[in-house]
Amino acid sequence: MKTRLRRLMTLCLCLVLLGTSAAFPQKLLAESPSASDIMNAVFDTPYRHTLQSDYASIRRSTLSEWTDTVWQNDVLDAKVTVGAGSQPLEQAAIRSSDFIHGKHRISAEHIDIRWLQETLANIGSAQPEAPVAAYPDVIHRSGTTRIEARQLKSAWVSLTIPKDAVCGVYTGTLEVTAAGQPPITLTLTFEVLDLAAPDPQEGATQVELWQHPYTTARYYAVTPFSQEHKNYLLDQLSEYAKMGGLGFIATIVEEAWNHQSYDSDPSMIHWTKTADGSFSFDYTDFDQWIELAIQAGVLDPQTGRGQIKAYSIAPWGNIVTVYDETSGTSQRLTLTPGSEEWRTAWTAFLEDFMRHTLEKGWFDLTYIAMDEREMEVLQPCVDLIEGIRSEAGKSFKISSAMNYSSGDDYTFLDRIDDISVSLIHVNEQSDAMRNLARHRQEQDLLTTIYTCTGQYPSAYTISDMADTAWTMWYTMKQGTDGFLRWSWDGWNEDPLTDVSYRTFEPGDPWLIYPAERDSSDESFYESPRYKMLKQGIRDINKAKFLQSLSAESETAVTQLVQSLKRPKMKINRYGSATYARSSDRELVQSEVLRMREGLNDIARSYIQSRIIPVTAIQLKTKNISLRSGKSTPILLEPVPHNANPVTWIYSSSEETVAQVDETGTITASQSGTAVITVRCPQNDQLEAKITVTVLDPAQAPRKRAAASSDLSVLKQKLAELFSLDEFHHF
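Residues numbered from 1 in each chain as written. Predicted model: local features only at pLDDT ≥ 70, side-chain atom pairs only at ≥ 80, totals over all residues. Heavy atoms only, no water.

All right, on to the packing of aromatic side chains then. Taken as a whole, this structure holds 34 aromatic pairs when the rule is applied. Between the aromatic rings of Tyr-219 and Tyr-220, the centroid separation amounts to 4.8 Å while the plane-to-plane angle is 85 degrees, which identifies the pairing as edge-to-face. Comparing Tyr-219 with Tyr-220 shows no difference in burial state: the two are buried. The structure contains a cluster of three or more aromatic residues connected by ring pairs, namely Trp-271, Phe-279, Phe-281, Tyr-283, Phe-286, Trp-346, Phe-349, Phe-353, Trp-362, Phe-363 and Phe-396. Its end group placed over the ring of Tyr-367, Lys-309 keeps NZ or CZ at 5.4 Å from the ring centre. Stacked on the ring of Tyr-219, the Lys or Arg Arg-517 has its end atom at 3.9 Å from the ring centre. (Phe/Tyr/Trp six-rings, centres within 6.5 Å; stacked < 30°, edge-to-face > 60°. Buried < 20%, exposed > 50% of the residue type's maximum accessible area, 1.4 Å probe, protein only. Lys NZ or Arg CZ within 6 Å of the ring centre and 35° of its normal.)

A few words now on the packing of helix H7 (residues 340-360) against helix H8 (residues 375-387). For the pair H7 and H8, the least separation of the axes is 10 Å and the interaxial angle reads 40 degrees. Overall, the two elements H7 and H8 adopt an arrangement that is oblique. Note that H7 runs across H8; the crossing there is right-handed. Packed against H7, whose contacting residues are Trp-342, Arg-343, Trp-346, Thr-347 and Leu-350, the element H8 presents Pro-380, Cys-381, Leu-384 and Ile-385 at the interface. In terms of residue class, the contact of H7 with H8 is built from seven nonpolar, one polar and one charged. (Axes fitted to C-alpha atoms, helices over the stretch in contact; angles between N-to-C directions. Helix = DSSP H or I, 4+ residues; strand = E, 2+ residues; numbered from the N terminus. Parallel < 35°, antiparallel > 145°, perpendicular 65-115°, else oblique. Left-handed = near helix turned anticlockwise from the far one by under 90°. Contact = heavy atoms within 4.5 Å. Nonpolar A, V, L, I, M, F, W, Y, C, P; charged D, E, K, R; others polar.)

Across soluble globular proteins, you tend to see nonpolar side chains buried next to one another. With 143 residues, the main nonpolar core has Trp-271, Phe-286, Trp-289, Ile-313 and Trp-346 as its most contacted residues. No other element matches helix H13 (residues 582-609), which puts eight residues into this core. Those residues in contact with Trp-346 that lie beyond four places of it in its chain are Ile-252, Val-253, Trp-271, Ser-312, Ile-313, Val-320, Leu-335 and Leu-384. (Core = buried A, V, L, I, M, F, W, Y, C linked by side-chain atoms within 4.5 Å.)

Between helix H12 (residues 551-562) and H13, the least distance of the axes is 10 Å, while the angle of their chain directions is 170 degrees. When the axes of H12 and H13 are compared, the pair comes out roughly antiparallel. Of the residues in H13, those touching H12 at Ser-553, Ala-556, Val-557, Leu-560 and Val-561 are Arg-594, Met-595, Gly-598, Leu-599, Ile-602 and Tyr-606. Of the residues in the contact of H12 with H13, the class split is eight nonpolar, two polar and one charged.

A separate point is the side chain of Arg-596. Mapped onto the fold, Arg-596 is located in helix H13. Not counting the four nearest positions on each side in its chain, Arg-596 is found in contact with Tyr-47, Asp-68, Thr-69, Trp-473, Gln-535 and Asp-539.

With that out of the way, let us pick up the sheet that holds strand S37 (residues 687-695). Reading across from one edge, S30-S37-S36-S33 is the order of the four strands in this open sheet, with mixed pairing throughout. Each end of this open sheet is capped by a strand with a single partner; those strands are strand S30 (623-627) and strand S33 (649-652). The average undirected angle you get between the axes of adjacent strands in this sheet is 25 degrees. By the bridge criterion, five bridges tie S30 to S37 in an arrangement that is parallel. Bridging across to S37, Asn-623 finds its partner in Thr-691. (Pairing = 2+ DSSP bridges.)

Turning to the environment of Gly-482, a few remarks are in order. Considering the arrangement of structural elements, one finds Gly-482 in strand S24 (residues 482-485). Along the sequence, Gly-482 and Tyr-450 sit 32 residues apart, while their C-alpha atoms lie 8.8 Å from each other. Once you skip the residues sitting within four places of it in the chain, Gly-482 turns out to touch Thr-205, Gln-206, Thr-447, Thr-448, Ile-449 and Thr-475.

Turning our attention to helix H5 (residues 227-242). Each turn of an α-helix holds 3.6 residues, which means side chains three or four residues apart point in the same direction. Its 16 residues place the ends of H5 22 Å apart at the C-alpha level, agreeing with the 22 Å of an ideal helix rising 1.5 Å per residue. Buried within H5 are the following residues: His-229, Tyr-232, Leu-233, Gln-236, Leu-237, Glu-239, Tyr-240 and Ala-241. A positive phi of about 105 degrees marks Gly-244, the residue just after H5. (Expected span 1.5 Å × (residues − 1).)

This part takes up helix H6 (residues 284-296). With 13 residues, H6 should cover 18 Å at 1.5 Å per step; its first-to-last C-alpha distance of 19 Å lies within 8% of that length. Listed in full, the buried residues belonging to H6 are Asp-285, Phe-286, Asp-287, Gln-288, Trp-289, Ile-290, Leu-292, Ala-293 and Ala-296. Backbone geometry just downstream of H6 places Gly-297 in the positive-phi region, at approximately 95 degrees.

A cluster of nonpolar side chains, Ile-424, Met-569 and Ile-571, forms an exposed patch at the surface whose accessible area comes to about 250 Å². With respect to the secondary-structure elements, Ile-571 resides in strand S27 (residues 569-571). (Patch = residues over 30% accessible without salt bridge, like charges linked within 9 Å, V, L, I, M, F, W, Y side chains within 5 Å. Areas by Shrake-Rupley, 256 points an atom, 1.4 Å probe, with all protein chains shown as cover. Salt bridge = Lys/Arg side-chain N within 4 Å of Asp/Glu carboxyl O.)

Detailed conclusions should not be drawn from predicted coordinates in areas where pLDDT is low. Taken residue by residue, the protein gives an average pLDDT of 91. The fraction at 70 or more is 91%. Ignoring residues within four places in sequence, the model shows residues 1-31, a span with pLDDT below 50, making 17 contacts including any to other chains. Contacts for the low-pLDDT stretch residues 720-730, under 50 throughout, to residues beyond four places or in other chains number eleven contacts. (pLDDT = per-residue confidence, 0-100.)

Moving on, we come to the pairing of strand S17 (residues 307-311). Burial analysis of S17 places five of its five residues in the buried class, the great majority of the element. Residues Gln-307, Lys-309 and Tyr-311 point to one face of S17 and Ile-308 and Ala-310 to the other, with burial holding for every one of them. Two strands pair when backbone bridges link them, and strand S14 (residues 247-251) and S17 are joined in this way by five bridges, in the parallel orientation. Considered in S17, the bridge of Phe-248 is made with Ile-308.

What follows covers the pattern of salt bridges. Applying the stated criterion to the full structure yields 42 salt bridges. Between Glu-522 and Arg-114 there is a salt bridge, with its nearest N and O atoms 3.2 Å apart. Here Arg-114 lies in strand S7 (residues 111-122) and Glu-522 lies in the loop between strand S25 (512-514) and strand S26 (524-526), a separation of 408 residues in the sequence. Asp-199 is the salt-bridge partner of Lys-163, the closest N and O atoms lying 3.5 Å from each other. On the criterion of sequence distance, the pair formed by Lys-163 in the loop between strand S10 (152-160) and strand S11 (168-177) and Asp-199 in the loop between strand S12 (184-196) and strand S13 (206-209) is long-range, its members being 36 residues apart. Linked by salt bridges that have partners in common, Asp-68, Asp-74, Asp-77, Arg-538, Asp-539, Lys-542 and Arg-596 make up one network.

Moving on to the sheet that holds strand S16 (residues 279-282). Overall, mixed pairing links the four strands, which are arranged S16-S15-S18-S19 in an open sheet. With one partner strand each, in any of the chains shown, S16 and strand S19 (329-334) form the two edges of the open sheet. Along the sheet, successive strands turn relative to each other by an average axial angle of 40 degrees, direction set aside. For strand S15 (residues 270-273) and S16, the ladder comprises four bridges, and the chain directions are antiparallel. For Lys-273, the partnering residue across the bridge sits in S16 and is Phe-279.

In C-alpha cells:
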C-alpha cells in the first residue's frame, strides 16, 4: 500500500510538472470574478473626450489593437480607456513592452503613459445656469491609480519615435493590470516611414500662444519674477519652445485687454511721469521676462528666432497707467490715438523703448502689437510707429489682429509686418484669404489665423481634440504662415478642479494646466487638445517638408490639403460655439484622419521614387560552408540601409562547385571552393566576395541525433515506476 501511495504521489507531482492539474480546486472557481466584476481595457479614439456617460459603450468595446503610421523623429499619440466593474479597481497600471521590428527595437523608455484627470466644466459661455460636466482634460500622472466602481479612466499614450529609428513595422504590447484582476494585453502596431519629420523648432509654421506669467505667480503664490517664479516659467517656456512656439507676449501697459482674464495683466514696463512733465521707464520685469525666453529657447537674437509682441499701443479703452511723481499716486490716463497728449506720451515711450531694445540686442525681434481695432485707431498708431526710426533708419515692426474678410487693396495691410485673421472671418467660399497670404509672403510679411471664444472648431475644454489638429490643417489650406491663439496659460482660480469662468467657453484661456501647488516634481500638465494641436503642427510641417522634396510631392500635397472640408457651426443654447450638427462633428475627425492618411501615402510614393546612392555592401558573413545539395541565401544590406534603387548581380567563380541564382541563393554541387561575387549596377565601384566551401561527403560533420524531449524522459521514468496498466489508469 505504501509503495502504491508513493507511486501515486510521484505521478501527481509529475503531472503538475507537465502543466496539468491533477485536481482543479473548486475554491478557485468559486473565487473567480464574475463578468460584471472584471475590468475591461480598450484602445479609444484620441480625437474625442471619453466621458463617464460613455461607460456602456466602452464596456462593450473589444478594440484591443491599434495601428498608426509615423515618421522618424515623430510622436505617436494614442489613448487607452479602462473600465471598472461592480467593484473599484485598485493599483490600476499600464506598462509597455519594447516595440520590435525584426532585429530592431524602439525601447519602452520612449513611451510616456499618463492617466487623465477630470475637471468640471460649465458647458456654456457666460451662463452660470448651464449644465456642468466632468471632462478628462488633464494629462496627469503616470504610475498606479484607483478607478471607482462602474467608472472609466483613460490614459494618454505618447511614444516618441527616435530620429534614427529604422523604417518598418513595429509591434509591442501595453499590459493593463489591477489588483485582483486578470491582466489585459493590448497590441500597438505602427509603421515607421523612412523620412525624418522636421524638428518643431525648425519647422516652417508660425506658432503664437499668448503667455500670462503673472497668472503663474498668483496660482503658485510666489513673487513675480522671483527665482521660484522663474523656475515655474522656465519649465513652461521650454515646452513652448520645444513645440515650436515663436510668438512671445510682453505687456507694455497695464491691462492691455481690460482684465478680460481671471487675473490682471500688469505692465512689465513701469511708466513714470516726472516732475518736469517728461516720462521715464523701468524695464526690470520686461528684461527678466525676455531673458527667460532666451534661456528657454523661444527667442534667439543671434539667429533671429522668435518675435517679441509688445502689447499694446492701443489698449482697450486707450488707458495708460503712469506713476505721477508730483502727486505720488498712480494715474490712469485716457490717451485717444491721434491726440496730442497721446502722441507726446507714446513718442516718449517708443523712443526710449527703441534705445533700450537696441542696447539689449532685441530690437530686430520686437513688434509693437495691437488687437483688432477700428481704422481710426490703427492709422495713427501705424503712422507714429513708422515715424520713429533708429540711426540705421529702422522703425519697430508692427503686429495686429485684423477683421479681414475680403478685398484686394493691400496698401494699408502691407504696412503691418504681422497680421492674424480670426477663423470666423475667413470665407470658405472665397480665395480672398489665400490671395492675401500669398501676397504677403511675397513681401516677406507674416500672416496667421487665430481662434478664440465664439468660434468652431476651437480649443475649449469641451472641444473634441480633433478640432485643434483640424485647425492647423486649415491654416495650411488658406496658405497662411501658421496659427495664433490668445492664451496658453491664462488659468482661472483652480483649473484642476473646475475650469468654468464668468466669460468665455470653459478652458478657452489655456492649453496647459498648472500642477498641484504642493507638487515637487511637476510644474504643469498638458491637455489632450494641446497634444492634438502639436500633432497638427507636426503634420503640416511634414506636409510642407514633402512639398519641398519634389514637384510631384508638392502637387500631391497641395491637392490633398486644398480638399480639406470645413464644418458648420452654431451657438448652443448656453452661448458656446459648437458644431451645427453631429455630422459636422464627425467631419472634423474624419478630415483629420483623411489628411494624415493622404500625407503618409504621398510620403510612401516619394520614398519609393527617390534616389539615394548606394555607397557600400554590408555582408553578414564572408565565408560559408555547405554540404553537397544544400542551399543558403546570401545575407547582405546596402549602405546606407535606405539606398534606392538597389539591385544585386551575383556570379560564381566555379559553377561546378556552387551556383548562385538571381535571388542570391547559393546551391552546393560538389566538393571544392568557389567565390561568389556580388555587384551593384547602380555603383560599378562596389563589389563583395563570399568564399563558399563545399565539404567532401566523407568529411562532412554528421548530423546530431535529436535530443530526447523532457516529456519522453518523464514517460520513461514513469514506466520504471509503474506498470503500463497503472500508468494509463492514472
